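# Secondary and tertiary structure notes
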Amino acid sequence: MKDQGRSTRKRTGGRLKHASNKKRHQLGREPAETILGETRVQYIDSRGTDKKVRALATNVAQVADGSEVSEAEIENVVDNPSNVNYARRNIITKGAIIETSAGRARVTSRPGQTGQVNAVLLD
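As a starting point, this report considers the structure included with it. In this text, all values refer to a predicted model and were calculated from it rather than measured experimentally. As a convention, each chain's residues are numbered from 1 in the sequence order in which they are written. Side-chain atom pairs in this predicted model are given and counted only at pLDDT of 80 or more, local residue features only at pLDDT of at least 70, and totals for whole chains, interfaces and linings cover all residues. Excluded from the side-chain calculation are hydrogens and water; included are all heavy atoms of the structure.

## A word on the side chain of Thr34
Inclusion rule: Helical segments are the DSSP runs of H or I of at least four residues, strand segments are the runs of E of at least two, and each set is numbered from the N terminus. Buried, partly exposed and exposed residues are distinguished by accessible area as a fraction of the type maximum, computed with a 1.4 Å probe on protein chains only: under 20%, between the cut-offs, and over 50%, respectively. In what follows, a contact means two residues having at least one pair of non-hydrogen atoms within 4.5 Å.
Inspection of the secondary structure assignment puts Thr34 in strand S1 (residues 34–36). Of the residues examined, Thr34 reaches a relative accessible area of 2% and is grouped as buried. With sequence-adjacent residues up to four places away left out, Thr34 is seen in contact with Ala55, Leu56, Ala57, Thr58, Asn90, Ile91, Ile92, Pro111 and Gly112.

What follows is the structure, encoded as structure tokens:
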């Protein structure tokens, strides 16, 4: 069980004692690892009555250029600072640099949490 709760260490580096057992809402899930391809989404129950839309694959991005927002097709993942292997595997996460039909853009949304790719054009 992956713990998404409080850290096991203090600010100073000392260990913290467990005050309680792990709760179900602290459970972590496997990462979505949104790949480049035909759009596929998955709906997941989240805490309370909310639902999360998880993008498993997508090839469309909402690209912002100043005040204009347009839809562009994703051609390639150029760089992904969250993991060096993600660019090679064409996995899209927040912060990834993608090549679109409108030009290079940085992803600002979290496709595994919102189900869509929002990006801002780079100069």
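## Some remarks on the sheet that holds strand S3 (residues 51–58)
We count it as follows: A pair of strands counts as paired when DSSP detects no fewer than two bridges linking them.
Strand order across the open sheet formed by four strands is S2-S3-S1-S6, with mixed pairing between neighbours. Single-partner strands in this sheet number two, and they are strand S2 (40–45) and strand S6 (91–92). With two bridges joining them, S1 and S3 adopt parallel strand pairing. Bridge pairing in S3 places Ile35 opposite Ala57.

## Details of the side chain of Arg54
To be explicit about the condition: This count recognises Lys and Arg as positive and Asp and Glu as negative, with His and chain-terminal groups excluded. Every case where a carboxyl oxygen of Asp or Glu lies within 4 Å of a side-chain nitrogen of Lys or Arg is listed as a salt bridge. Pairing of N or O atoms within 3.5 Å defines a polar contact, subject to two protein rules: one partner must be a possible hydrogen donor and the other a possible acceptor, and residues neighboring in sequence count only if both atoms are side-chain atoms.
Turning to its location among the elements, Arg54 is positioned in strand S3. Salt bridges are absent for the buried Arg54, whose nearest opposite-charge side chain, Glu30, sits at 8.7 Å. Engagement of the side chain of Arg54 in a polar contact is seen with the backbone oxygen of Gly112, the distance being 3.2 Å. With sequence-adjacent residues up to four places away left out, Arg54 is seen in contact with Arg29, Glu30, Ala32, Arg40, Val41, Gln42, Ile44, Pro111, Gly112 and Gly115.

## Here we look at the nonpolar core
Put simply, the rule reads: Side-chain atoms within 4.5 Å are what join buried Ala, Val, Leu, Ile, Met, Phe, Trp, Tyr and Cys residues into a set we call a nonpolar core.
The biggest cluster of nonpolar side chains holds 13 residues, and the ones touching the most others in it are Ala61, Ile74, Ile92, Ile98, Val107 and Val117. At the level of elements, strand S4 (60–65), strand S5 (68–79) and strand S8 (103–107) are the ones that each hand at least two residues to this core. Per-element accounting of this core gives the leading share, three residues, to S5.

## Some points on the sheet that holds strand S9 (residues 118–121)
Backbone-to-backbone hydrogen bonds join strands into a sheet, with any given pair of strands oriented parallel or antiparallel. Here is the rule: For helices, the fitted line uses only the C-alpha atoms of the stretch in contact; every axis is such a line through C-alpha atoms, and the angle between N-to-C directions lies from 0 to 180 degrees.
Spatially, five strands are ordered S4-S5-S7-S8-S9 in a closed barrel, and the strand pairing comes out mixed. When strand polarity is set aside, the average angle formed by the axes of neighbouring strands in this sheet is 50°. For S4 and S9, the ladder comprises three bridges, and the chain directions are parallel. Across the sheet, Gln62 pairs through a bridge with Asn118, a residue of S9.

As far as function goes, none of this settles anything; it's purely spatial.
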